[in-house]
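Observations on the model geometry
The primary structure of each chain is shown beneath.
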Amino acid sequence: MQNVDEILKIKNVKNTAIRTIVLRHLLKQDKAQSLKDIENSLIETDRSSIFRTLKTFVENKIIHSIEDGSGMTKYAVCAIDCNCELKDLHYHFYCNNCNKTFCLHEVPFKKIKLPENFKIQEANMVIKGLCNNCNK
Ligand SMILES: [Zn+2]
Ligand SMILES: [Zn+2]
């Protein structure tokens, strides 16, 4: 597991108690977390503080947000060298049974050929199916 202090330092984000708590929590997860998931795990932490912290983390490319179609934005920790550019993006997998969303870090985005004068600003590639746990 990566070190919280190290990540904040590399991404140039000031270390605060709440940032440490939220980032440490996110690093421990094997699936993407919604704001509600995080709130439910960190019950002693104020909701708006968690939300502000997530916003700071997204802005500084410590975490990325995922729209998986569930209606809840989910968050997962970025690779340390990630700049959230197109080349850094990867596919996500949404399990229709347990509603968990996973980062497929080993399945990077392929360069997509667009029609002339089209420009990508954002991309959310979500594959849906059954995760290894639900597919038993
Ligand atoms: Zn599942
Ligand atoms: Zn991801």
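Now for a quick tour of the structure. (Residues numbered from 1 in each chain as written. Chains lettered and ligands numbered in written order. Predicted model: local features only at pLDDT ≥ 70, side-chain atom pairs only at ≥ 80, totals over all residues. Heavy atoms only, no water.)

**Here's the deal with the layout of surface pockets**
In this model, the largest pocket occupies a volume close to 490 Å³. In terms of lining, the largest pocket is formed by 24 residues, of which the most central are H64, S65, C84, L89 and A123. Of all the elements, strand 2 (residues 63-66) adds the most residues to the lining of the largest pocket, at three residues. Volume-wise, the second largest pocket comes out at about 210 Å³. Along the wall of the second largest pocket there are 14 residues; nearest its centre are L26, Q29, A76, V77 and H105. Where the lining of the second largest pocket is concerned, the elements lending two or more residues are helix 2 (17-28), strand 3 (74-77) and strand 5 (101-108). The element contributing the most residues to the lining of the second largest pocket is strand 3, with three residues. Residues belonging to the lining of the second largest pocket are distributed by class as follows: nine nonpolar, three polar and two charged. (1 Å grid on protein atoms, 1.4 Å probe; cavity = no way out; pocket = protein on both sides within 12 Å on 5 of 7 lines; lining within 4 Å. Points joined across faces, edges and corners; volume = space filled by probe spheres on them. Helix = DSSP H or I, 4+ residues; strand = E, 2+ residues; numbered from the N terminus. Nonpolar A, V, L, I, M, F, W, Y, C, P; charged D, E, K, R; others polar.)

**A look at the packing of aromatic side chains**
Each pair of aromatic rings is reported with the distance of its centres and the angle of its planes. All chains considered together, the criterion is met by one aromatic pair. Measuring from centroid to centroid gives 5.5 Å for Y91 and F109, while their planes differ by 55°, and the two rings are tilted. A residue pair is termed long-range when its members are at least 10 positions apart, and Y91 in strand 4 (residues 90-95) and F109 in the loop between strand 5 and strand 6 (126-129) qualify at 18 residues. A relative accessible area of 19% means that Y91 is categorised as buried. (Phe/Tyr/Trp six-rings, centres within 6.5 Å; stacked < 30°, edge-to-face > 60°. Buried < 20%, exposed > 50% of the residue type's maximum accessible area, 1.4 Å probe, protein only.)

**Considerations on unusual backbone geometry**
The phi dihedral of N12 falls on the positive side, at around 65°, and the residue is not glycine. Secondary-structure assignment places N12 in the loop between helix 1 (4-10) and helix 2. Of note, K61 is a non-glycine position whose phi angle comes to about 60°, a positive value. Secondary-structure assignment places K61 in the loop between helix 4 (47-59) and strand 2.

**Concerning the coordination of the zinc ion (ligand 2)**
Around the zinc ion (ligand 2), the protein supplies H64 (NE2), H90 (NE2), H92 (NE2) and C103 (SG) as donor atoms, at distances of 1.9 to 2.2 Å. Mapped onto the polypeptide sequence, the residues donating to the zinc ion (ligand 2) form the spacing pattern H-x25-H-x1-H-x10-C. Taking the relative accessible area as the measure of exposure, H90 reaches 10% and is therefore buried. Classification of H92 by relative accessible area gives buried; the value is 5%. (Donors = N, O, S within 2.8 Å, 3.2 Å for Na, K, Ca; no water.)

It is worth stressing that arrangement in space is one thing and function is another; only the former is reported here.
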